[in-house]
Amino acid sequence: MSLLTVEELDAGYGDLQILDDVDLTVDAGEYVTIVGPNGAGKSTAMKSVFGLTDHMGGSVRFDGVDITDDNPEDIIRKGLSYVPQNENVFPSLSVEENLRMGAYILDSVPSSALDAVYDRFPILRERRDQRAGTMSGGQQQMLAMGRALMLEPELLLLDEPSAGLAPDLVDEMFDKIDEINATGTSILMVEQNAKTALRRCDRGYVLAQGQNRYVDEGDALLDDEDVRREFLGG
Ligand SMILES: Nc1ncnc2c1ncn2[C@@H]1O[C@H](COP(=O)(O)OP(=O)(O)O)[C@@H](O)[C@H]1O
Ligand SMILES: [Mg+2]
């Protein structure tokens, strides 16, 4: 049984349907990437898993439990964290306040979780009192990931973690994601940096116009001539 199972999902916003019969699985410990053109519905798929869209059909199960109609707060409690593509930190709060907000759902924030995030991202420890909005894009992205890790999720959803980062920071970000995955956290990631993402992940999905187009091991998708021509720029 997979950790996450999305079956024949139809979802969108109000009456506007974006996803059409989308299937998606993530096994325990697996690192899965979704790639595809702009507007394909990648972010919508992530939001749908996290209870942030309107569902018109199909199902989402996590750890064997149906979460199709759960709200994000219930979903977080079940062990799933989500880093949105945009506006994923509170700019006027300090780094540490942001991290504590990540665990607001708990009665008290476990200091072990805070230490673990600081060990993973030493720059956040150095800057714990700095306002998040005054940090660089890369540091804010690390903070957003740190915040999502405060609840020690089983599955981490990452929407375009490398967007807007300088090239050397892109590699550092992907290294961090590998490290997080190596500790046993499953990853479902959307990336526009498709080749790098497919090289790094275990398995990938190509989504286009709200539908599944290809699914295979990341390396197999990279080697597939049709995928390369249609989606990876040759
Ligand atoms: N909040 C929203 N309300 C209405 N339509 C939306 C909303 N967010 C995204 N869309 C539409 O859904 C489609 C898919 O968008 P999105 O999932 O963001 O694509 P991707 O992440 O693959 O670039 C686009 O046509 C977009 O305009
Ligand atoms: Mg998107």
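Counting restarts for each chain: residues are numbered from 1 in the order of the written sequence. The order in which chains are written sets their letters, starting at A; the order in which ligands are written sets their numbers, starting at 1. Totals for whole chains, interfaces and linings use every residue, but because this is a predicted model, local features are given only for residues with pLDDT of at least 70 and side-chain atom pairs only at 80 or more, for both listing and counting. Side-chain metrics in this entry use all non-hydrogen atoms of the structure; hydrogen atoms and water are not considered.

As annotated in an unreviewed UniProt entry, the protein chain is ABC transporter ATP-binding protein from Halovivax cerinus.

**Student:** Help me get a handle on the UniProt feature "domain: ABC transporter" (unreviewed entry) in the protein chain, residues and values and all.
**Tutor:** UniProt positions are given in the numbering used here, feature names are shortened, and annotations may be inferred rather than shown by experiment. In the numbering used here, UniProt assigns the "domain: ABC transporter" (unreviewed entry) feature to residues 4-234. Numbering of helices and strands runs from the N terminus, with a helix taken as a DSSP run of H or I at least four residues long and a strand as a DSSP run of E at least two residues long. Secondary structure over residues 4-234 splits into 37% helix and 28% strand, and the C-alpha atoms at its two ends are 32 Å apart.

**Student:** Got a sec to walk through the coordination of the magnesium ion (ligand 2)? Specific residues and values, please.
**Tutor:** Taken together, the protein donors to the magnesium ion (ligand 2) comprise Ser43 (OG) and Gln85 (OE1), at separations of 2.1 to 2.5 Å. Here Ser43 is found in helix H1 (residues 42-49), whereas its partner Gln85 is found in the loop between strand S6 (80-83) and helix H3 (95-102), with 42 residues between them in sequence. The classification of residues rests on relative accessible area computed with a 1.4 Å probe and restricted to protein chains. Under 20% of the type maximum is buried, over 50% is exposed, and intermediate values are partly exposed. The class of Gln85 is partly exposed, set by a relative accessible area of 32%. Only N, O and S atoms count as donors, using a 2.8 Å limit from the metal and a wider 3.2 Å limit for Na, K and Ca, and since water is excluded some coordination spheres may look unfilled.

**Student:** Quick one: what's the story with the packing of H3 against helix H4 (residues 111-120), residue by residue and with numbers?
**Tutor:** All axes here are fitted lines through C-alpha atoms, helices being fitted over the stretch that makes contact, and every angle between N-to-C directions spans 0 to 180 degrees. Interaxial distance between H3 and H4 falls to 11 Å at its minimum, and their mutual angle equals 125°. Overall, the two elements H3 and H4 adopt an arrangement that is oblique. For the pair H3 and H4, the sense of crossing is right-handed. Along the contact surface, H3 presents Glu96, Leu99 and Arg100, while H4 presents Leu114, Val117 and Tyr118. Three classes are used, and their members are as follows: Ala, Val, Leu, Ile, Met, Phe, Trp, Tyr, Cys and Pro are nonpolar, Asp, Glu, Lys and Arg are charged, and the others, Gly among them, are polar. In terms of residue class, the contact of H3 with H4 is made up of four nonpolar, no polar and two charged. Angular relationships are summarised with four words: roughly parallel below 35 degrees, roughly antiparallel beyond 145, roughly perpendicular across 65 to 115, and oblique for the angles in between. In a left-handed crossing the near helix is turned counterclockwise from the far helix by less than a right angle, and in a right-handed crossing that turn is clockwise. Any two residues whose heavy atoms approach within 4.5 Å at even a single point are treated as in contact.

**Student:** Any details on unusual backbone geometry? Residues and values, ideally.
**Tutor:** Among all residues save glycine, negative phi is the norm, and among peptide bonds the norm is trans. One non-glycine residue with positive phi stands out, namely Asp21, at about 60°. Along the chain, Asp21 falls in strand S2 (residues 16-26). Take Asp21: its relative accessible area is 41%, and that puts it in the partly exposed class.

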